[in-house]
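# Fold and geometry: a report
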Amino acid sequence: MHRGRDPESEVTRRTVTQLTRTVDALGHALADLGGAVAHAGALHQLGSLPGSPQRTTAIESERSQLYARIDSTRRQLNQTGGRLHREADRLTAPPTPNRSPRATSATPVTPPSPATSRTR
């Protein structure tokens, strides 16, 4: 596949790539969240059983797995958010200029004057 040097097509390609990675990561996070809900349901069912050492062990195990799934979901969402933030900065950066020399403008640019404060 031949990729053009058109900056717009490069931005589009990078955007599609980033969206694909994001959807993949979000799918994994949602799967972990679904697992957490299943463990919460199991905890609810275990809570209605008569007390026993097996029940206590099962509750501890389900609770541990629930927290692990929640932590995994949180970690994946944080990583995905950070990656999206970094990629968004790259996607909105102006395209790199081509290598041919260009004439520069001789008109000086004056900085904007500070805004006057309003008092009542």
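It should be emphasised that the depicted structure is a prediction, and the values quoted were computed from it without experimental measurement. (Residues numbered from 1 in each chain as written. Predicted model: local features only at pLDDT ≥ 70, side-chain atom pairs only at ≥ 80, totals over all residues. Heavy atoms only, no water.)

Now for the pattern of salt bridges. With the rule as written, the count across this model stands at 3 salt bridges. For the salt bridge of Arg-69 with Asp-32, the shortest nitrogen-to-oxygen distance reads 3.7 Å. Within this pair, whereas Arg-69 is found in helix α2 (residues 53–92), its partner Asp-32 is found in helix α1 (residues 7–47), the two being separated by 37 residues in sequence. The exposure class assigned to Arg-69 is partly exposed, which follows from its relative accessible area of 31%. A salt bridge links Asp-71 to Arg-74; the nearest nitrogen and oxygen atoms lie 2.9 Å apart. With Asp-71 and Arg-74 both in helix α2 and 3 residues apart, the pair spans about one turn of that helix. (Salt bridge = Lys/Arg side-chain N within 4 Å of Asp/Glu carboxyl O. Helix = DSSP H or I, 4+ residues; strand = E, 2+ residues; numbered from the N terminus. Buried < 20%, exposed > 50% of the residue type's maximum accessible area, 1.4 Å probe, protein only.)

Glancing now at α1. Taking 1.5 Å per residue, 41 residues should reach 60 Å; α1 reaches 59 Å between its end C-alpha atoms and fits that length. Inspection of α1 places Arg-14, Gln-18, Thr-22, Ala-25, Ala-29, Asp-32, Gly-35, Ala-36, His-39, Ala-42, Leu-43 and Leu-46 among the buried residues, and these make up the whole buried set. (Expected span 1.5 Å × (residues − 1).)

It is worth spelling out the nonpolar core at this point. Ala-36, Leu-43, Leu-46, Ile-59 and Leu-66 form the largest nonpolar core, which has 5 residues in total. Where this core is concerned, the elements lending two or more residues are α1 and α2. The dominant element in this core, judged by the number of residues it contributes, is α1, at 3 residues. Not counting residues within four places of it along the chain, the set of residues in contact with Leu-43 comprises Ile-59, Glu-62, Arg-63 and Leu-66. (Core = buried A, V, L, I, M, F, W, Y, C linked by side-chain atoms within 4.5 Å. Contact = heavy atoms within 4.5 Å.)

What follows is about the environment of Leu-30. Of note, Leu-30 is situated in helix α1. For the pair Leu-30 and Gln-76, spaced 46 residues apart in the sequence, the C-alpha separation amounts to 9.7 Å.

The next point concerns the side chain of Thr-80. For Thr-80, the position within the fold is in helix α2. Take Thr-80: its relative accessible area is 4%, and that puts it in the buried class. Apart from the residues lying within four places of it in its own chain, the contact partners of Thr-80 are Thr-22 and Ala-25.

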